[in-house]
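Structural overview for review
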Amino acid sequence: LQSLALPNLGYSRHFKELTLTEIPLPPIEVQQQIVDELEGYQKIIDGCRLVVENYIPIVDTNSDWDTVDFNESCKVVAPTSKIQSKQFLENGKFPIIDQAKNKIAGYWNNHEDVTEVSVPITMFGDHTRIVKYIETDFVAGADGTKLLSPNESLFLPKFFFNMISSIEIPNLGYSRHFKELKEKKIPCPPMESQQDIVSKLDRQSELVDGNLELI
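What counts and what doesn't
Residues numbered from 1 in each chain as written. Predicted model: local features only at pLDDT ≥ 70, side-chain atom pairs only at ≥ 80, totals over all residues. Heavy atoms only, no water. Salt bridge = Lys/Arg side-chain N within 4 Å of Asp/Glu carboxyl O. Helix = DSSP H or I, 4+ residues; strand = E, 2+ residues; numbered from the N terminus. Buried < 20%, exposed > 50% of the residue type's maximum accessible area, 1.4 Å probe, protein only. Phe/Tyr/Trp six-rings, centres within 6.5 Å; stacked < 30°, edge-to-face > 60°. 1 Å grid on protein atoms, 1.4 Å probe; cavity = no way out; pocket = protein on both sides within 12 Å on 5 of 7 lines; lining within 4 Å. Points joined across faces, edges and corners; volume = space filled by probe spheres on them. Nonpolar A, V, L, I, M, F, W, Y, C, P; charged D, E, K, R; others polar. Core = buried A, V, L, I, M, F, W, Y, C linked by side-chain atoms within 4.5 Å. Contact = heavy atoms within 4.5 Å.

A few words now on the pattern of salt bridges. Counting across every chain of the model gives 4 salt bridges. K132 is the partner of D98 in a salt bridge, and the nearest nitrogen-oxygen pair spans 4.0 Å. Taken together, the residues D98 in the loop between β4 (94-97) and β5 (106-108) and K132 in strand β7 (residues 131-134) connect sequence positions 34 residues apart. We classify K132 as buried; its relative accessible area is 4%.

Shown next as structure tokens:
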């Protein structure tokens, strides 16, 4: 029944369309083969989802590394504009990025609202604790987005992103979590070590992307 292509009649009665539809009827043993095959696919999908939903970049810190206060590690930059979710477009010229789970939350067409990105920045979700790495120009969704531009003399942008992603912030519910992040000290290894760690985590990320493609 899930695979039948019924016409969309809007907010109307569709069961009448179903009653006019013929249902394929293979032998019972063929039905069982199809069910077993689909259940096998579902197990693969469920496993891939576990990987995607639970992956957190883990950085093995070294006690010899220097640490810096959060306020020294980056500066908080203000977006050009903040667009309310009810205004998001399904299609448009510029991606809207907010603190929700999806990388892109919607689209926008007004160039005057675009936040330009010359050096990759890290977005921290004040309510959600979700962390995103932003490399291209975008439009910020409201509210609760904190845009962090790393101190380039201390951090590679992607290493800084991975460090912020790996910090455990207690879940305070629908509250403000940025105050917790500001209390943290950020490990600051030499640039060469940062690059090695970024390369390793990039390879892990490719595996996660592979699971997404498989789903």
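There's more to say after this.
A separate point is the packing of aromatic side chains. The full count for this structure, using the stated rule, is 5 aromatic pairs. Ring plane angle 15° and centroid distance 6.3 Å describe the contact between F155 and F159, whose orientation is recorded as stacked. Here F155 falls in the buried class, since its relative accessible area comes to 1%. What links up through ring pairs into an aromatic cluster is the set F70, F124 and F178.

Moving on to the layout of surface pockets. Quantified by volume, the largest pocket comes out at close to 1300 Å³. Lining the largest pocket we find 32 residues, and of these V52, Y55, P57, V131 and F161 sit closest to its centre. Mapped by element, the contributors of at least two residues to the lining of the largest pocket are α2 (28-54), β7, α4 (157-166) and α6 (191-214). Among the residues making up the lining of the largest pocket, the classes are represented as 16 nonpolar, 7 polar and 9 charged.

Let's shift gears to the nonpolar core. Judged by nonpolar contacts, the single largest core of 25 residues is most densely connected at F70, L148, F155, I164, L181 and I186. Secondary structure elements with two or more residues in this core: β7, α4, α5 (178-181), β10 (185-188) and α6. A per-element tally of this core places α4 first, with 5 residues. Setting aside residues no more than four positions away along its own chain, I186 makes contact with D66, T67, V68, F70, S73, F155, M163, I164 and I167.

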